[in-house]
Amino acid sequence: MKAALAIYDMDRTITRRATYTPFLIDAALRLAPWRLGLLPIVLLSMITYVLGFIDRGRLKEINYRLLIGGARDPVKLEPVIQSFADRQVATNILPGARASLAADREAGRRIVMATASYRLYAGAIAERLGIRDVIATETQLDPGGRIVARIEGKNCYGDEKLAMIQPWLEREGLEREAVHIRFYSDPVSDGVVHHWSDEPVATNAHDRLIKVATAEGWEVLDWSR
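Residues numbered from 1 in each chain as written. Predicted model: local features only at pLDDT ≥ 70, side-chain atom pairs only at ≥ 80, totals over all residues. Heavy atoms only, no water.

J.: What's the story with the overall build of the protein chain in this structure? I'm lost.
T.: Helix and strand content of the protein chain: 9 helices and 7 strands. Since a compact globule built from 225 residues should have a radius of gyration of about 17 Å, the 18 Å found for the protein chain is in line with a globular shape. Considered along the principal axes of its C-alpha atoms, the protein chain spans approximately 55 × 35 × 30 Å. For the protein chain, buried positions account for 49% of its 225 residues. Taking the intrachain contacts of the protein chain between residues at least 6 apart in sequence as the baseline, contacts between residues at least 24 apart amount to 62%. Counting every atom, the protein chain has about 11100 Å² of accessible surface; 55% of that belongs to carbon and sulfur. Separation between the mean location of the 30 positive side-chain charges and that of the 29 negative ones in the protein chain comes to 6 Å. (Helix = DSSP H or I, 4+ residues; strand = E, 2+ residues; numbered from the N terminus. Rg over C-alpha atoms; globule rule 2.2 N^0.38 Å. Buried < 20%, exposed > 50% of the residue type's maximum accessible area, 1.4 Å probe, protein only. Contact = heavy atoms within 4.5 Å. Areas by Shrake-Rupley, 256 points an atom, 1.4 Å probe, with all protein chains shown as cover. Lys, Arg positive; Asp, Glu negative; His and termini not counted. Charge placed at Lys NZ, Arg CZ, Asp CG, Glu CD.)

Printed below as a string of structure tokens:
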């Protein structure tokens, strides 16, 4: 009998709203409020991304550096992460996502979160939702063990998300042929993981993904209503 996995994206799949920019703003408020004056530069970096001059990973690094700053002691950042995760779980989790997580657990599926968000806070949110397995974008540490704005490895987005899920399976001793994978996500950029999974679910999806899901015969769920 195959092992069963249920892999969930986080932003706008489990959560109502995206979490990355709110986390940066929250951290700036807590650690260095003057950095909020750099928000116009954050907006400029987003325009630069939209115009195709930088990729999403570089955009993340730039905005992290602007709003959180340089190397940060993990001990000082930890209270910010924990309080942010508390608020997200209290106010930003879709009831339908909670119900689905509970149903998948009841059915014996191992729950995994695979998100482009930083593990810094995504891991804390996952922990509060009872999710032990998290695949996410990692931050680098400097030689002194301080967290810096640079991404360690790849941004867990699009094709890279699948490229990070596959070695995670290997590390967990799970052969792809021996597991049945249900995958929940909202963006069309996760289509590569949808196609790779056994049971793709377009969840809270925009029109582009809904069109793909309809053509492919995937299940479509809307927890946002």
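J.: Would you mind showing me how to read the nonpolar core here?
T.: Nonpolar side chains in soluble globular proteins tend to end up buried together. Counting 44 residues, the largest nonpolar core has Tyr8, Ile14, Phe23, Tyr64, Met113, Tyr121 and Ile131 as the members making the most contacts within it. Once residues lying within four places of it in the same chain are set aside, the contact partners of isoleucine 131 are Ile14, Leu101, Arg105, Ile111, Val112, Met113 and Ala126. If you look at the next biggest cluster of nonpolar residues, it comprises 17 residues, including Leu5, Cys156, Leu162 and Trp196. (Core = buried A, V, L, I, M, F, W, Y, C linked by side-chain atoms within 4.5 Å.)

J.: How do you make sense of unusual backbone geometry when you look at a structure like this?
T.: The bulk of non-glycine residues show a negative phi, and the bulk of peptide bonds are trans. Of note in the backbone geometry, arginine 12 takes a positive phi value of approximately 65° without being a glycine. With respect to the helices and strands, the residue arginine 12 is situated in the loop between β1 (3-8) and α1 (20-31). Under the relative-accessibility criterion, arginine 12 is labelled partly exposed at 42%. Although it is not a glycine, asparagine 204 sits at a positive phi angle of roughly 55°. For asparagine 204, the location among the structural elements is in the loop between β6 (199-203) and α9 (207-216).

J.: Is there a simple way to explain helix α6 (residues 119-128) in this structure?
T.: Residues separated by three or four positions in an α-helix point in the same direction, a consequence of the helix having 3.6 residues per turn. For α6, a buried count of 7 out of 10 residues is recorded, marking the element as mostly surrounded by other parts of the structure. The set of residues buried in α6 consists of Leu120, Tyr121, Ala122, Gly123, Ala124, Ile125 and Ala126. Turning to α6, the residues buried within the fold contact α1, α3 (56-67), α4 (74-91), β2 (110-118), β3 (133-141) and β4 (147-152). Backbone geometry just after α6 places glycine 130 at a positive phi near 80°.

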